[in-house]
Amino acid sequence: MASVELLPREYGYVVLVLVFYSLLNFWMATQVGKARKRYKVFYPTMYATEAENKDAKLFNCVQRGHQNSLEMMPMFFMLMILGGIRHPLICASLGVVYSVARFFYFKGYATGDPQKRLSIGKYAFLATFGLMICTMSCGLHILIA
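What this report covers is the structure whose coordinates are included nearby.

Here is what the cut-offs are and how they apply
Residues numbered from 1 in each chain as written. Predicted model: local features only at pLDDT ≥ 70, side-chain atom pairs only at ≥ 80, totals over all residues. Heavy atoms only, no water. Helix = DSSP H or I, 4+ residues; strand = E, 2+ residues; numbered from the N terminus. Expected span 1.5 Å × (residues − 1). Buried < 20%, exposed > 50% of the residue type's maximum accessible area, 1.4 Å probe, protein only. Arc of directions from axis to C-beta. Contact = heavy atoms within 4.5 Å. Salt bridge = Lys/Arg side-chain N within 4 Å of Asp/Glu carboxyl O. Axes fitted to C-alpha atoms, helices over the stretch in contact; angles between N-to-C directions. Parallel < 35°, antiparallel > 145°, perpendicular 65-115°, else oblique. Left-handed = near helix turned anticlockwise from the far one by under 90°. Nonpolar A, V, L, I, M, F, W, Y, C, P; charged D, E, K, R; others polar.

Turning next to helix H5 (residues 123–144). Taking 1.5 Å as the rise per residue, H5 with 22 residues should run 32 Å; its terminal C-alpha atoms sit 32 Å apart, in good agreement. All of the buried residues along H5 are Ala 124, Ala 127, Thr 128, Gly 130, Leu 131, Cys 134, Thr 135 and Cys 138. One side of H5 holds all its buried residues, which, seen down the axis, span an arc of 165°. Set apart from the buried face of H5 by more than 90 degrees, the exposed residues are Leu 126, Phe 129, Met 136, Leu 143 and Ile 144. Tucked into the core, H5 has its buried residues touching helix H3 (56–86) and helix H4 (88–109).

For the structure on display, the rule yields two salt bridges. Asp 55 is the salt-bridge partner of Lys 54, the closest N and O atoms lying 3.3 Å from each other. For Lys 54, a relative accessible area of 76% puts it in the exposed group. Residues Glu 71 and Arg 64 are paired through a salt bridge, measuring 3.0 Å at the closest nitrogen-oxygen approach. Its relative accessible area of 42% is what places Glu 71 among the partly exposed residues. By relative accessible area, Arg 64 is classed as partly exposed at 25%.

Where H4 contacts H5, the two axes come as close as 8 Å, and the packing angle between them is 160°. Our classification of the angle between H4 and H5 gives roughly antiparallel. The crossing of H4 and H5 is left-handed. Residues Ile 90, Cys 91, Leu 94, Val 97, Tyr 98, Ala 101 and Arg 102 of H4 lie in contact with H5, whose contacting residues are Tyr 123, Ala 124, Ala 127, Thr 128, Gly 130, Leu 131 and Cys 134. The residue inventory of the contact of H4 with H5, partitioned by class, reads 11 nonpolar, two polar and one charged.

What follows is the structure, given as structure tokens:
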């Protein structure tokens, strides 16, 4: 495992945060499954229509909260993995902020009022910006070294 030895020891925190976020994503998926049963929106329907379901907005907000998290996940993972090579503790800390903010983003969205996703959820965007800076720093360090 010579490649692992090239990573800083603190990179383990980055890995743990990625696992934590994966568990959070799994939890969000189970919430969508529960909402499908509660609001009677059956597979393969991705989003409910108000013409067919009086609770369409409530279900769609739960579904959309998870879907948005899935859409952002590849960027979050890439920024964590690459930025964490040079700045593992900063990236791990930002990853925790991102994950906690994403939890509140989902919970706020799932209320049925999409504006509530931003009360604490907006901090995920700040964490993402910080991860971008760390990743740019890693790239520049590789170019200059």
